[in-house]
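So the chains spell out like this:
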Amino acid sequence: MQDLAFAIPGVDEAMGFAEVMKLVKSMEYDVIVFDTAPTGHTLRFLSFPGVLEKALSKVSQLSGQFGPMMQQMSGLMGMDANYNDMFAKLNAMRSVVNEVNEQFQDPEKTTFVCVCIAEFLSLYETERLVQELTESNIDTHNIVVNQLLFPPKGSECEHCSVRYKMQQKYLKQIFDLYEEDFYITLLPLLTNEVRGVESLKQFSQMLIKPYKVPESD
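Criteria and thresholds
Residues numbered from 1 in each chain as written. Predicted model: local features only at pLDDT ≥ 70, side-chain atom pairs only at ≥ 80, totals over all residues. Heavy atoms only, no water. Phe/Tyr/Trp six-rings, centres within 6.5 Å; stacked < 30°, edge-to-face > 60°. Helix = DSSP H or I, 4+ residues; strand = E, 2+ residues; numbered from the N terminus. Buried < 20%, exposed > 50% of the residue type's maximum accessible area, 1.4 Å probe, protein only. Core = buried A, V, L, I, M, F, W, Y, C linked by side-chain atoms within 4.5 Å. Contact = heavy atoms within 4.5 Å. pLDDT = per-residue confidence, 0-100. Salt bridge = Lys/Arg side-chain N within 4 Å of Asp/Glu carboxyl O. Expected span 1.5 Å × (residues − 1). Arc of directions from axis to C-beta. Axes fitted to C-alpha atoms, helices over the stretch in contact; angles between N-to-C directions. Parallel < 35°, antiparallel > 145°, perpendicular 65-115°, else oblique. Left-handed = near helix turned anticlockwise from the far one by under 90°. Pairing = 2+ DSSP bridges. Right-handed = clockwise from strand over helix to strand, strands pointing away.

Our next topic: the packing of aromatic side chains. The full count for this structure, using the stated rule, is three aromatic pairs. Judged by centre distance (6.5 Å) and plane angle (20 degrees), the ring pair of F120 and Y124 falls under stacked. You can see F120 and its partner Y124 sitting in helix α5 (residues 120–135), four residues apart, about one turn around the helix. Note on Y124: relative accessible area 47%, which makes it partly exposed. Pairing F150 with Y164 gives two aromatic rings, centres 6.4 Å apart and planes at 70 degrees, and the pair type is edge-to-face. One end of the pair, F150, is in the loop between β2 (142–148) and α6 (158–178); the other, Y164, is in helix α6, with 14 residues separating them in the sequence. Across the pair, Y164 and F150 agree in class, each one buried.

What follows concerns the nonpolar core. Counting residues in each nonpolar core, the largest one holds 26 residues, and the members touching the most others are V145 and Y178. Looking at this core, the elements that each hand over two or more residues are α3 (39–76), α4 (83–104), β1 (113–117), α5, β2, α6 and β3 (183–188). Considering every element that reaches this core, the biggest residue donor is α6, with five residues. When neighbours within four sequence positions are excluded, Y178 is seen to be in contact with L123, T126, E127, V130, I143 and I184.

To continue, consider the confidence of the model for the protein chain. Summarising the model, the protein chain shows a mean pLDDT of 78, and 69% of its residues fall at 70 or more. When pLDDT is averaged over each element of the protein chain, β1 comes out on top at 94 and helix α1 (residues 2–5) at the bottom at 54.

This part takes up the pattern of salt bridges. Oppositely charged side chains can form a pair if their charged atoms are brought close together. Considering all chains together, one arrives at three salt bridges under this definition. Among the ionic pairs, R128 bridges to E125, the shortest N-O distance being 3.1 Å. Here R128 pairs with E125, and both are found in helix α5, just three residues apart, close to one helical turn. Under the relative-accessibility criterion, R128 is labelled partly exposed at 31%.

The phi torsion at N137 lies on the positive side, around 60 degrees, for a residue other than glycine. With respect to the secondary-structure elements, N137 resides in the loop between α5 and β2. You will see that Q147, though not glycine, has its phi angle at about 60 degrees, which is positive. The class of Q147 is partly exposed, set by a relative accessible area of 41%.

Topologically, S122 is positioned in helix α5. On the basis of relative accessible area, S122 is assigned to the buried category, the value being 17%. The contact partners of S122, leaving out residues within four places of it in the chain, are C116 and I117.

Another point: α5. One turn of an α-helix holds 3.6 residues; hence residues three or four places apart share an orientation. If you check α5, its first and last C-alpha atoms are 23 Å apart, about what 16 residues at 1.5 Å a residue would give, namely 22 Å. Listed in full, the buried residues belonging to α5 are S122, L123, E125, T126, L129, V130 and L133. Along the axis of α5, the buried positions cluster into a sector of 165 degrees, meaning they face one direction only. For α5, the exposed residues lying more than 90 degrees away from the buried face are F120, L121 and E135.

A few words now on the packing of α5 against α6. Axis separation between α5 and α6 bottoms out at 10 Å; the angle between their running directions is 15 degrees. It follows that α5 is roughly parallel to α6 by the angle criterion. Helix-helix and strand crossings are classified by hand; for α5 and α6 the assignment is right-handed. Contacts between α5 and α6 involve F120, L123, T126, E127 and V130 on the former and, on the latter, Y170, Q173, I174, L177 and Y178.

Residues C114 and C116 point to one face of β1 and are all buried, whereas V113, V115 and I117, pointing to the other face, are not buried. Where β1 lies against β2, five bridges are found, and the strand directions are parallel. Each bridged residue has a counterpart across the sheet, and for C116 the counterpart in β2 is V145. Viewed along the sheet, the connection from β1 through α5 into β2 turns out right-handed.

As structure tokens, then:
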């Protein structure tokens, strides 16, 4: 039963987050940033509290029905298994995960910033993520569109021109979908990796003072 409980999808991610939360409570920072996995993994993680609640409720029912019998059988077979302790730990886990879920749904404590690129699949995944976050009562009002290409005027790079037009098409769709309710930040494709403190500081300025899209011809 213990193996079954810990085989629930997403349990590793949720317990990892719970451990980090314990550390966060003992630290003094204004903001804690979690860089989450791609959309599918993130949605599985966000749905985990509800899944775990149902699973542990079922395990609790089973413990009431079969716990004493299992304890007695373990004693007869010479096995050292304290099922009461196991169920107590599972209930403690449920309490921690519920606390995580409450923090997720508190807009004063948690907000979700969606990061995408101006391509069809990324736009589709972002819309799916926004809808799931809304249904889960998780605050989200920011979208960052990354790696935008803005070729200089007079550029003869055909590849750059074609990609620019493609990105502009999806960028228009992003503004049509989110302009009213979201704050959209545009970031250009950079020629260097963002590594090191100074590079991070320079990059962060583009989040504070968003890059303005040049008017298309």
